[in-house]
Amino acid sequence: MRAVIQCVSEARVTVGGAVTGQTGPGFLILLGVGQGDTEAEADRLWRKIARMRVFDDADGKTNLSLADIGGGVLVVSQFTLYANCRKGNRPSFTDAAPPDVAERLYEYFVGLVRADVSEVGTGVFGAMMDVALVNRGPFTVCLDTDQL
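Everything numeric in this text was worked out from a predicted model, so none of it was measured. (Residues numbered from 1 in each chain as written. Predicted model: local features only at pLDDT ≥ 70, side-chain atom pairs only at ≥ 80, totals over all residues. Heavy atoms only, no water.)

**Points about unusual backbone geometry**
The omega torsion across Gly137 and Pro138 is -5°, close enough to zero to call that bond cis. You can see Pro138 is positioned in strand E8 (residues 130-144). (Helix = DSSP H or I, 4+ residues; strand = E, 2+ residues; numbered from the N terminus.)

**Points about the state of the cysteines**
Counted under the stated rule, the structure contains zero disulfides. Its sulfur unpaired, Cys7 is 12 Å from the next cysteine sulfur, which belongs to Cys142. Exposure remark for Cys7: the relative accessible area of 4% places this residue in the buried category. The closest cysteine sulfur to the non-disulfide-bonded Cys85 is located on Cys142, 14 Å from its own sulfur. (Disulfide = S-S within 2.5 Å. Buried < 20%, exposed > 50% of the residue type's maximum accessible area, 1.4 Å probe, protein only.)

**Regarding helix H3 (residues 99-116)**
Since there are 3.6 residues in each turn of an α-helix, residues three or four apart along the chain are aligned in direction. With 18 residues, H3 extends 26 Å between its outermost C-alpha atoms, agreeing within 8% with the 26 Å of an ideal straight helix rising 1.5 Å per residue. Those residues of H3 that sit buried are Ala102, Leu105, Tyr106, Phe109, Val110, Leu112 and Val113. An end-on view of H3 places all buried positions within 155° of arc, on one side of the element. Turned more than 90 degrees off the buried face of H3, the exposed positions are Asp100 and Ala115. (Expected span 1.5 Å × (residues − 1). Arc of directions from axis to C-beta.)

**Concerning the pattern of salt bridges**
Overall, the coordinates contain two salt bridges when judged by the stated rule. When the shortest N-O distance is used, the salt bridge between Arg2 and Asp144 registers 2.8 Å. Of this pair, Arg2 sits in strand E1 (residues 2-15) while Asp144 sits in strand E8; the two residues are 142 residues apart in sequence, bridging distant segments of the chain. Since its relative accessible area comes to 12%, Asp144 is described here as buried. (Salt bridge = Lys/Arg side-chain N within 4 Å of Asp/Glu carboxyl O.)

**As for the environment of Arg47**
With respect to the helices and strands, the residue Arg47 is situated in helix H1 (residues 39-51). Considering only alpha carbons, one finds Arg47 and Arg90, 43 residues apart in sequence, at a separation of 34 Å.

**Some thoughts on H1**
Spanning 13 residues, H1 covers 18 Å between terminal C-alpha atoms, matching the ideal 18 Å at 1.5 Å per step. Along H1, the residues that are buried comprise Glu41, Ala42, Leu45, Trp46 and Ile49. Projected onto a plane normal to the axis of H1, the buried residues spread over an arc of 125° and lie on a single side. Among the structural elements, E1, strand E3 (26-32), helix H2 (66-69), strand E6 (72-77), H3 and E8 are those in contact with the buried residues of H1. (Contact = heavy atoms within 4.5 Å.)

In structure tokens form, the structure reads like this:
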């Protein structure tokens, strides 16, 4: 499972011109599910993200977690995190999980987030989405459960 985590002042996702999810200060998480991923990867990934100390404390040091700042989360599915560009100019996505598996694990991951965070927004799995954000810092972290 792969995630791009961006610290944001605000973020929102729209589908067909309608806002489907948004958050204030906190995280925008772009989430990709790979072949062979299970609930165990989702659990491990959320535990790592939830505990990351990437927000500034009173001294300007990155010592605070999402819970410490009372932040929100916007989770957006993004199978393109599994793009393989080794051959040719058109990315291959064969390393991404099949849509039915990916959607189930995406929803499972969102459930983990909802259990810990009061403000949670989401995109629409499989839809063409427009994502807008104000990246704070900027501060962006890429995680892959194969490397955690």
